[in-house]
Amino acid sequence: MGDLVSVGILGILTIIFIVITISLIVLTIVFGIIRAVKKKFKKTFVTLLIVMILFGVVDFFMISNLIDNFNKMGKQEIDKVILSDNPIKQLFMSDEEKIEIISDNIIKSIKTKDYETIKNIFSKDTIENVQNLDEGINELINISNEGIINVESKMNGSETHWDNGEHSKTYRFSCDLTTNTKEYSIGFIYDYENPFNNRTLGINRMIIIDENKNTIVLIENSNEN
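Described below are features of the structure shown in this document. (Residues numbered from 1 in each chain as written. Predicted model: local features only at pLDDT ≥ 70, side-chain atom pairs only at ≥ 80, totals over all residues. Heavy atoms only, no water.)

With that out of the way, let us pick up the pattern of salt bridges. Applying the stated rule across the entire model yields four salt bridges. Between Glu220 and Arg205 there is a salt bridge, and its shortest N-O distance comes to 3.2 Å. A residue pair is termed long-range when its members are at least 10 positions apart, and Glu220 in strand E5 (residues 215-220) and Arg205 in strand E4 (residues 202-210) qualify at 15 residues. According to the relative accessible area criterion, Glu220 is partly exposed, its value standing at 44%. By relative accessible area, which is 25% here, Arg205 ends up partly exposed. (Salt bridge = Lys/Arg side-chain N within 4 Å of Asp/Glu carboxyl O. Helix = DSSP H or I, 4+ residues; strand = E, 2+ residues; numbered from the N terminus. Buried < 20%, exposed > 50% of the residue type's maximum accessible area, 1.4 Å probe, protein only.)

Once that is clear, we can look at the environment of Asn65. Note that Asn65 resides in helix H2 (residues 42-75). What makes Asn65 partly exposed here is its relative accessible area of 37%. Along the primary structure Asn65 and Thr14 are separated by 51 residues, whereas in three dimensions their C-alpha atoms are 9.6 Å apart.

Turning our attention to helix H7 (residues 133-145). Compared with the 18 Å implied by 1.5 Å per residue over 13 residues, the 18 Å span of H7 between its first and last C-alpha is a close match. Among all positions of H7, only Leu133, Gly136, Ile137, Glu139, Leu140, Ile141, Ile143 and Ser144 are buried. Gly147 sits one or two residues past H7 and shows a positive phi near 90 degrees. (Expected span 1.5 Å × (residues − 1).)

In this structure, Ile106, Phe122, Phe173 and Met206 are the most contacted members of the largest nonpolar core, which totals 33 residues. Of all the elements in the fold, those that place two or more residues in this core are helix H4 (95-112), H7, strand E2 (166-179), strand E3 (183-193), E4 and E5. Met206 has contacts with Phe122, Gly136, Leu140, Ile186, Gly187, Phe188, Val217, Leu218 and Ile219, leaving out every residue within four places of it along the chain. (Core = buried A, V, L, I, M, F, W, Y, C linked by side-chain atoms within 4.5 Å. Contact = heavy atoms within 4.5 Å.)

This structure, assessed with the given rule, holds five aromatic pairs. A ring pair is formed by Phe60 and Phe61, whose centres lie 5.5 Å apart and whose planes are at 80 degrees; its orientation type is edge-to-face. Phe60 sits in the exposed class, given a relative accessible area of 53%. Here Phe61 falls in the exposed class, since its relative accessible area comes to 54%. Aromatic rings pair up to connect Phe173, Phe188 and Tyr190 into one cluster. (Phe/Tyr/Trp six-rings, centres within 6.5 Å; stacked < 30°, edge-to-face > 60°.)

Right, let's get into the pairing of E2. Each regular strand displays side chains that alternate between the two surfaces of the sheet. Counting buried residues in E2 gives 10 out of 14 residues, a clear majority hidden from the surface. For strand E1 (residues 148-163) and E2, the ladder comprises 14 bridges, and the chain directions are antiparallel. Directly across from Met155, in E2, lies its bridge partner Phe173. Relative to E3, E2 is paired through 10 bridges, and the arrangement is antiparallel. By the bridge assignment, Phe173 is partnered in E3 with Phe188. (Pairing = 2+ DSSP bridges.)

Here it is, written out as structure tokens:
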């Protein structure tokens, strides 16, 4: 958030300086015409010209600095799950919008019925440390084989951890699935952002519950930080 505020302030200042520069350009042109026609305001014209050039130089460096900051923000996406090709757009997404995209991506992966595709929705840490991950993936494939006809997703909460100006973000949400034969509720704990350990990005906990509230499988990464 600190980076966002800094870039926002820099953006506002850049806009202010650009507006001033445009005003100076207009005034310089006006007094340039007056000087050419009436031979007046020579000093005013020269002063405006010099100030306009100085503001133009300042604008150039401010715009360059703003672009650099945007690029740095884009590079920081390595610590986030990538939800958009535009890192700035992703930065301004609401939690609800992020959950909707994450849920859609998970369901799309499940519908492929492809083991590796489904496996990749889990965090690297979960893949390496959870013993019954295969069981969970196979269960998701079984659900997909039943034919998913409806999905309703909802956000159940989020957690943010701050440390020395950095913060991690974890979402809790669930997907209620209706297939051609049964209904299921799948709960997830999902690391969206973690600059301290990006190996936890993705699903770190998943529980599948059937229509009778029975737990079919529980996947849980006990090593998650």
